[in-house]
Amino acid sequence: MYHNNSNFFFLPNFHHFTMKLYIVSLISTTTLLWLTTLVSNVASTQPPFSCDSTNPQTKSLKFCQTQLPISVRAQDVVSRLTLDEKIAQLVNSAPAVPRLGIPAYEWWSESLHGVGSAGKGIFFNGSIIGATSFPQVILTAATFDENLWYRIGQVIGMEARAVYNAGQAVGMTFWAPNINIFRDPRWGRGQETPGEDPIMTGKYAIRYVRGVQGDSFNGGQLKKGALQASACCKHFTAYDLDQWKNLDRFSFNAIVTPQDLVDTFQPPFQDCIQKAQASGIMCSYNSVNGIPSCANYNLLTKTARQQWGFHGYITSDCDAVQVMHDNHKYGKTPEDSVAFALKSGMDVDCGDYLKKYTKSAITQKKISEVHIDRALHNLFAIRMRLGLFNGNPQKQIFGNISPSVVCAPQHQELALEAARNGIVLLKNSGKLLPLSKAKTNSLAVIGPNADNAYVLRGNYDGPPCIYVEILKALEGYVKVQYHQGCNAVNCTSAYIDQAVNIARNADYVVLVMGLDQGQEREQFDRDDLVLPGQQENLINSVAKAAKKPVILVLLSGGPVDVNFAKNNPKIGSILWAGYPGEAGGIALAQIIFGEHNPGGKLPVTWYPQSFVKIPMTDMRMRPDPKTGYPGRTYRFYKGPKVYEFGYGLSYTTYSYEFNSATPNTIQLNQLSTSKTVEGSGSIRYTSVDEIGSDNCEKAKFSAHVSVRNSGEMDGKHPVLLFVKNDKAQYGSPIKQLVGFQSVRLKAGENSQLVFEISPCEHLSSANEDGLRMIEEGSRYLVVGDAEHPINIVI
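Here's a quick rundown of the structure. Keep in mind it's a predicted model, so treat the numbers as computed, not measured.

Section: the overall build of the protein
Inference 1: Counting its secondary structure elements, the protein contains 24 helices and 29 strands.
Inference 2: With the principal axes as the frame, the protein shows a C-alpha extent of 80 × 75 × 50 Å.
Inference 3: In the protein, which comprises 794 residues, the share counted as buried stands at 62%.
Inference 4: Across the protein, contacts joining residues at least 24 apart in sequence account for 77% of those joining residues at least 6 apart.

Pasting the structure below:
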């Protein structure tokens, strides 16, 4: 349902409809006819599969006998392959094995925020030519809404299976989500992540993966391990630099302390494996402490498989095995690098390095066939869990997912919901927003991002079902005069005089500025945090000329230093919209004209331009007072901020209060005889390992919070609960998010929320040796401006 003409579906009076009716209205009679044709066309298209029951020869193949355990079946198929056939299966584009009835398989497909066109496993060249395009992950994260994240995952997994059922997929393994920590604001791929907080990132991974794979919200409901689609958490681990100055991700060696590894970089991956039960993980390009991730036995086998219990496949990032040899110089020969990868626990090479050099590695006795068999067992087990060795997939568990679900009205409505609830109101002086349609006779829309639907999509995107530019959406409300303001988003030339003339004659002005994929993307990190080129000059000039304070809309994945706008009284409102997906233009128009009350919260700290003095290569999270190093992210950073993590305004006001049921004293000393140690500052602490999992469970307590909408407008917003430690020692976080819930309240309404807090998880931090410890003493639970003291006794 992808159309080049954005006016195809645009209804100028869409704001008079209810949201559901509007989304339905986007699908015209022509589109419904197209959908009908789609279903009939797809019925004759056969997706690739093995073990066709109509072929008598399959009955003698043990790997086709679905009543047997998958481990037995996988072992059988591997045993039937010749060495050359085995080696050929170790790469992402695995060829067919015709003599066994095994079709070709593509491991590389993408689904970061919708079924994507990157990768080689999905094709939009048949009767399905688009899929629901959700906001880029960083904006979806700003909703702090786990239920929304899960529903997005469900839609992506369902549409992925529908594309396969339509015969337009040769793979069902999707390399998402990206759960690296957004450690540095310059990182070009930070937009792909849920932000800078490890607990929040882990929760995003859990909900997204469960949704995609066909599990329930709470998990544990996959029938016999059957997968709707396979999700893969990436990039394992400590990957957050692409191309900075003269250093790139292919040669970067991330020096990470055990302390930072345990409480920042690893927790999302542990959650992804243990709680989400992801069926795939991807090892990253970079080295960690001198060892390339895809050659790191301790990381891939000892940690992921043995310690965390991972049962799935491990892929390299594309050409990472070759990068290991060519860039990291890890291994004197290609065969050495192949051996390191297979012995470490990697299973499939995105590339052709294993195809070229595995046989010679065996000949040179650097590896044995056992290492190949281990990898292939993992790979075929996943294909079997996907039902690709169970006969005709249309007769299997996910065979009834019709191609008609792709771009279904309720899916597009969900994309709109995600965009509306993620957009963050950063400034609203004098209640400039929302604008009144009745009182706005003319609107000037200025900026290079206003009339560009493609910029709304972000990276790792696919063709959307629909799209509408921000300009077109605003034209549905009032009379608009438009000027692009700059020659492009990089704004090497600004058309200030023309923009000022338009602004001077309008009742209100909306400036749509920010970044695009030319400024931040994979293999391209930013050098600066300010707006590119002449954007700031254009904004200030227009604001000075306008009759009333202007509205600034920022599109970006990463933070931008907009202190100039924050402090300029002629700039009345600022909205951050990330890259809001196919429905982002509509969402922004609804917020600007008051049909939706914004409630998003920033999932990253917005730093000032001065932060760029800190090298991207410095992986330390904790500050170093001796050298003036300020630390990173809201948990540790001690320096000036443009906006804080968790910041976001609303058109209404909310108040918070802790209820008396929330305890003030946490008695951990009564749980066990765990050993306590007195530190150099006379602070006692105990190890989480010493407390033990049973006692950690007993130690959980509840925080009870009353939330009231004390304003005049209904609204939905996330309630964020932090723990604050004013006297943090031994590298403990200054502040830590421990829970969040999204709540919808009518004006004047209140709600009682209960947060479960685990001292072992939420009140502990890693020491320098990477052991999680709990310090005795006082903390504060914090929601908004409400604080509740607690005292930990060990």
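So that's the structure; there's more coming.
A word on empty space enclosed by the protein
Inference 1: All chains considered together, the criterion is met by six cavities of 30 Å³ or more.
Inference 2: Estimated volume of the largest cavity: approximately 120 Å³.
Inference 3: Taken together, 16 residues make up the lining of the largest cavity; nearest its centre are Ser732, Pro733, Leu763, Ser764 and Arg779.
Inference 4: Where the lining of the largest cavity is concerned, the elements lending two or more residues are strand E23 (715–724), strand E24 (735–745) and strand E27 (772–775).
Inference 5: In terms of residue count, E27 provides more of the lining of the largest cavity than any other element does, three residues in total.
Inference 6: Residues that form the lining of the largest cavity fall into these classes: six nonpolar, six polar and four charged.
Inference 7: If you add up the space inside the second largest cavity, you get close to 50 Å³.
Inference 8: If you trace the second largest cavity, you find it lined by Pro48, Pro103, Ala104, Tyr105, Tyr164, Ala169, Val170, Gly171, Arg383 and Leu388.

Some words on the packing of helix H7 (residues 198–213) against helix H9 (residues 267–274)
Inference 1: The contact between H7 and H9 brings their axes to 8 Å, and the two run at 25°. Between H7 and H9, the angle falls in the class roughly parallel. The way H7 lies across H9 gives a crossing that is right-handed. On the side of H7, the interface is formed by Pro198, Thr201, Gly202, Ala205, Ile206 and Val209, while H9 contributes Pro267, Pro268, Asp271 and Cys272.
Inference 2: In terms of residue class, the contact of H7 with H9 is built from seven nonpolar, two polar and one charged.

A word on the layout of surface pockets
In this approach a probe as big as a water molecule rolls over the atoms, and the regions it shows empty are the leftover space.
Inference 1: One number sums up the size of the second largest pocket: a volume of about 840 Å³.
Inference 2: If you trace the second largest pocket, you find 33 residues lining it, with Lys601, Gly648, Leu649, Ser650 and Tyr656 closest to the centre.
Inference 3: Sorting the residues of the lining of the second largest pocket by element identifies strand E12 (424–428), strand E18 (654–658), E23 and strand E28 (777–783) as the ones contributing at least two each.
Inference 4: By residue number, the principal contributor to the lining of the second largest pocket is E23, which donates five residues.

A few points about the packing of helix H15 (residues 409–422) against helix H20 (residues 584–592)
Inference 1: Interhelical geometry of H15 versus H20 gives an angle of 50° and a closest axis separation of 8 Å. The angle between H15 and H20 falls in the class oblique. As H15 packs across H20, the resulting crossing turns out to be right-handed. Contact with H15, carried on its side by Leu416, Ala419 and Arg420, involves Gly584, Ile586, Ala587, Gln590 and Ile591 of H20 and no other residues of that element.
Inference 2: For the contact of H15 with H20, the per-class residue count stands at five nonpolar, two polar and one charged.

What about the sheet that holds strand E15 (residues 508–514)?
Inference 1: With respect to topology, six strands assemble into an open sheet ordered E12-E17-E16-E15-E13-E14, the strand pairing being mixed. The open sheet has two edge strands with one neighbour each: E12 and strand E14 (480–483). With strand direction ignored, the average angle separating the axes of adjacent strands in the sheet is 15°.
Inference 2: Here E12 runs beside strand E17 (residues 571–576); their pairing, made up of four bridges, is antiparallel. Across the sheet, the residue bridging to asparagine 428 is serine 573, located in E17.
Inference 3: Running at roughly 175° to E15, helix H18 (residues 535–545) makes contact with strand E13 (443–446), E15, strand E16 (550–555) and E17 of the sheet.

Focus on the environment of glutamine 89
Inference 1: Position of glutamine 89 relative to the elements: it lies in the loop between helix H4 (83–88) and strand E1 (93–94).
Inference 2: For the pair glutamine 89 and leucine 354, spaced 265 residues apart in the sequence, the C-alpha separation amounts to 9.5 Å.
Inference 3: The contacts of glutamine 89, once residues within four sequence positions are left out, are Ala94, Pro95, Val97, Leu376, Leu379, Phe380 and Arg383.
Inference 4: At 3.4 Å, the side chain of glutamine 89 and the side chain of arginine 383 are in polar contact.

Looking at the state of the cysteines
Inference 1: Scanning all chains against the criterion turns up seven disulfides.
Inference 2: A sulfur-sulfur distance of 2.1 Å marks the disulfide that ties cysteine 51 to cysteine 64. With the S-S bond torsion at -80°, the cross-link from cysteine 51 to cysteine 64 turns out left-handed. In this pair, cysteine 51 is assigned in the loop between helix H2 (29–42) and helix H3 (70–79) and cysteine 64 in the loop between H2 and H3, connecting sequence segments 13 residues apart. By the burial criterion, cysteine 51 is buried, and cysteine 64 matches it.
Inference 3: Residue pairing for cysteine 318: its cysteine sulfur links by disulfide to cysteine 350, the two sulfurs lying 2.0 Å apart. Of note, the bridge from cysteine 318 to cysteine 350 carries an S-S torsion of about 65° and is right-handed in sense. Residue cysteine 318 is found in the loop between strand E11 (313–316) and helix H11 (320–326), and its partner cysteine 350 is found in the loop between helix H12 (334–344) and helix H13 (353–363); the two are separated by 32 residues along the sequence. Each of the two residues, cysteine 318 as well as cysteine 350, counts as buried.

Side note on the side chain of serine 344
Inference 1: Within the secondary structure, serine 344 is located in helix H12.
Inference 2: At a separation of 2.7 Å, a polar atom in the side chain of serine 344 contacts the main-chain carbonyl oxygen of alanine 341.
Inference 3: The residues touching serine 344, leaving out its near neighbours within four places in the chain, are Cys294, Ala295, Asn296, Tyr297, Leu300 and Thr301.

Observations regarding helix H8 (residues 258–265)
Inference 1: Among all positions of H8, only Gln259, Asp260, Asp263, Thr264 and Phe265 are buried. Projection of H8 onto a plane perpendicular to its axis shows the buried side chains occupying an angular sector of 155°, all on one side.
Inference 2: Here the buried face of H8 lies against H7, H9, helix H21 (633–636), strand E26 (765–766) and E27.

What to know about unusual backbone geometry
Inference 1: Geometrically, the link from alanine 176 to proline 177 is a cis peptide bond, its omega value of 15° lying close to zero.
Inference 2: With respect to the helices, strands and loops of the structure, proline 177 is situated in the loop between strand E3 (173–174) and H7.
Inference 3: For the bond from leucine 433 to proline 434, the omega torsion is 0°, close enough to zero to count as cis.
Inference 4: Position of proline 434 relative to the elements: it lies in the loop between E12 and E13.
Inference 5: Even without being a glycine, glutamine 277 presents a positive backbone phi close to 60°.
Inference 6: Mapping glutamine 277 onto the fold places it in the loop between H9 and strand E8 (280–283).

About the criteria used
- Residues numbered from 1 in each chain as written.
- Predicted model: local features only at pLDDT ≥ 70, side-chain atom pairs only at ≥ 80, totals over all residues.
- Heavy atoms only, no water.
- Helix = DSSP H or I, 4+ residues; strand = E, 2+ residues; numbered from the N terminus.
- Buried < 20%, exposed > 50% of the residue type's maximum accessible area, 1.4 Å probe, protein only.
- Contact = heavy atoms within 4.5 Å.
- 1 Å grid on protein atoms, 1.4 Å probe; cavity = no way out; pocket = protein on both sides within 12 Å on 5 of 7 lines; lining within 4 Å.
- Points joined across faces, edges and corners; volume = space filled by probe spheres on them.
- Nonpolar A, V, L, I, M, F, W, Y, C, P; charged D, E, K, R; others polar.
- Axes fitted to C-alpha atoms, helices over the stretch in contact; angles between N-to-C directions.
- Parallel < 35°, antiparallel > 145°, perpendicular 65-115°, else oblique.
- Left-handed = near helix turned anticlockwise from the far one by under 90°.
- Pairing = 2+ DSSP bridges.
- Polar contact = N/O pair within 3.5 Å; in protein donor to acceptor, adjacent residues only side chain to side chain.
- Disulfide = S-S within 2.5 Å.
- Arc of directions from axis to C-beta.

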